[in-house]
Amino acid sequence: MHIGMKSLAKHVDIGYVGELDMARNKHPEETVNLILAVATRLFMEKGYEHTSIQDIINELGGLSKGAIYHHFKSKEDILVAVTNRMTEVSNKMLEEIRDRKGLNGKEKLKIIFKESLGRSDMDYIFTVAPDLGNNPRLLFSMFRDTVDDVVPLYILPIIQQGISDGSIRTDYPTELAELVALAANIWTNPMVFNNTIEEYYRKLMVFKQMLDGFGLDIVDEELLGRMRELAAIYLETKNK
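Residues numbered from 1 in each chain as written. Predicted model: local features only at pLDDT ≥ 70, side-chain atom pairs only at ≥ 80, totals over all residues. Heavy atoms only, no water.

## As for helix α11 (residues 221-238)
Stage number 1. Counted at 1.5 Å a residue, the expected span for α11 with its 18 residues is 26 Å, and the 26 Å between its end C-alpha atoms agrees.
Stage number 2. The complete set of buried residues in α11 reads Leu 223, Leu 224, Arg 226, Met 227, Leu 230, Ala 231, Ile 233, Tyr 234, Leu 235 and Thr 237.
Stage number 3. Lining the buried residues of α11 we find α6 (105-118), α7 (122-128) and α10 (197-213).
Stage number 4. Among the residues of α11, the N-terminal cap falls to Asp 220, whose side-chain oxygen and the backbone nitrogen of Glu 222 are separated by 3.2 Å. (Helix = DSSP H or I, 4+ residues; strand = E, 2+ residues; numbered from the N terminus. Expected span 1.5 Å × (residues − 1). Buried < 20%, exposed > 50% of the residue type's maximum accessible area, 1.4 Å probe, protein only. Contact = heavy atoms within 4.5 Å. Polar contact = N/O pair within 3.5 Å; in protein donor to acceptor, adjacent residues only side chain to side chain.)

What follows is the structure in structure tokens.
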């Protein structure tokens, strides 16, 4: 599902170089937007792993390395900032589904899966995503964002509604919310484990069986196909 990574990149000031950096100091938001726009395009075209800081600098129209390192400590921080912008859109979607009228809790969970996977930028996310197994900082960020934000703000309230309306049965709503979110965002995330597409598909089948066992028959063949499609996009990019 991949619906959470909101850690903000911190900046370090390593000085100003030339007139362009002085201009950057006067308009830091414009500089950040330029860096992120260039990085986003390069991540899409070349992939995160194959894009260097120097590649980004070369596309900044004269801005120095200092302009980047004034705002971002590393390429990882740039990726986090790019992802943060996507996450803002995702969180608005989750909030709207959580508060939507006329649906029971289980129906809302199914819609979250469907709309999260069907977002137009998901192909892009899986194209530029790094190998999280080799990026422990980003992996831990995803874990904390899932537990600290996605679960309490979106998944848990929906499960609690489902308990109230009878569509979800559990005596442990918090734990179930964590299990569903972590399994969706991490255990079945091809960016975390070095699985083949066949191994990944078997994980999806176990994930579906687990949800069915809780009475949450919300993952159908269409969703399984979409999850496998995204995994294939990521693996194809990674293996280039």
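## Let's talk about the pattern of salt bridges
Stage number 1. Summed over all chains, the structure comprises 13 salt bridges.
Stage number 2. Of the charged contacts in the structure, one is a salt bridge between Arg 226 and Asp 123, with a shortest N-O distance of 2.8 Å. One end of the pair, Arg 226, is in helix α11; the other, Asp 123, is in helix α7, with 103 residues separating them in the sequence.
Stage number 3. By relative accessible area, Asp 123 is classed as partly exposed at 30%.
Stage number 4. Here the salt bridges do not stand alone but share partners, grouping Glu 95, Arg 98 and Asp 99 into one network. (Salt bridge = Lys/Arg side-chain N within 4 Å of Asp/Glu carboxyl O.)

## As for the packing of aromatic side chains
Stage number 1. In total, this model carries 3 aromatic pairs according to the counting rule given.
Stage number 2. Ring centres 6.0 Å apart and planes at 20 degrees place the aromatic pair Phe 113 and Phe 207 in the stacked group. With Phe 113 in helix α6 and Phe 207 in helix α10, this residue pair connects regions lying 94 residues apart in the sequence.
Stage number 3. Residue Phe 207 is classed as buried on the basis of its relative accessible area, which comes to 1%.
Stage number 4. When the ring centre of Phe 193 is taken as origin, the NZ or CZ atom of Lys 203, which lies over that ring, is 3.5 Å away.
Stage number 5. Just above the ring of Tyr 201 sits the side chain of Arg 228; from NZ or CZ to the centre is 4.6 Å. (Phe/Tyr/Trp six-rings, centres within 6.5 Å; stacked < 30°, edge-to-face > 60°. Lys NZ or Arg CZ within 6 Å of the ring centre and 35° of its normal.)

## Some points on α6
Stage number 1. Its 14 residues place the ends of α6 20 Å apart at the C-alpha level, agreeing with the 20 Å of an ideal helix rising 1.5 Å per residue.
Stage number 2. When α6 is considered as a whole, its buried residues turn out to be Gly 105, Lys 108, Leu 109, Ile 111, Ile 112, Phe 113, Ser 116 and Leu 117.
Stage number 3. On its buried face, α6 is in contact with α5 (75-98), α7, α8 (136-165), α9 (173-187), α10 and α11.

## Notes on the environment of Val 82
Stage number 1. Turning to its location among the elements, Val 82 is positioned in helix α5.
Stage number 2. Judged by its relative accessible area of 5%, Val 82 falls in the buried class.
Stage number 3. Put simply, Val 82 and Ile 35 are 47 residues apart on the chain and 9.7 Å apart in space, counted from C-alpha to C-alpha.
Stage number 4. Here Val 82 is in contact with Leu 36, Thr 40, Phe 43 and Tyr 124, once residues within four sequence places are set aside.

## Re the packing of α5 against α6
Stage number 1. Direction vectors running N to C along α5 and α6 enclose 155 degrees, while the axes themselves pass 10 Å from each other. Here α5 lies roughly antiparallel to α6, going by the angle between them. Of the two possible hands of crossing, α5 and α6 adopt the one that is right-handed. Contacts from Met 93, Leu 94, Ile 97 and Arg 98 of α5 reach α6 at Lys 108, Ile 111, Ile 112, Glu 115 and Ser 116.
Stage number 2. A breakdown of the residues in the contact of α5 with α6 according to their chemical character gives 5 nonpolar, 1 polar and 3 charged. (Axes fitted to C-alpha atoms, helices over the stretch in contact; angles between N-to-C directions. Parallel < 35°, antiparallel > 145°, perpendicular 65-115°, else oblique. Left-handed = near helix turned anticlockwise from the far one by under 90°. Nonpolar A, V, L, I, M, F, W, Y, C, P; charged D, E, K, R; others polar.)

## Quick notes on a nonpolar patch on the surface
Stage number 1. Among the surface-exposed residues, Trp 187, Phe 193 and Val 206 lie close enough to one another that they form a single nonpolar patch of about 250 Å² accessible area.
Stage number 2. By secondary structure assignment, the location of Val 206 is in helix α10.
Stage number 3. Its relative accessible area of 43% is what places Val 206 among the partly exposed residues. (Patch = residues over 30% accessible without salt bridge, like charges linked within 9 Å, V, L, I, M, F, W, Y side chains within 5 Å. Areas by Shrake-Rupley, 256 points an atom, 1.4 Å probe, with all protein chains shown as cover.)

## Topic: the confidence of the model for the protein chain
Stage number 1. On average, residues of the protein chain carry a pLDDT of 85, and 89% of them reach 70 or more.
Stage number 2. Contacts for the low-pLDDT stretch residues 3-24, under 50 throughout, to residues beyond four places or in other chains number 59 contacts. (pLDDT = per-residue confidence, 0-100.)

## With respect to the packing of α9 against α10
Stage number 1. It is at 11 Å that the axes of α9 and α10 come closest, and there the two elements cross at 170 degrees. Classified by the interaxial angle, the pair formed by α9 and α10 is roughly antiparallel. Within the contact between the two elements, α9 uses Leu 179, Val 180, Ala 183, Ala 184 and Trp 187 and α10 uses Lys 203, Val 206, Phe 207, Met 210 and Leu 211.
Stage number 2. Residue composition of the contact of α9 with α10, by class: 9 nonpolar, no polar and 1 charged.

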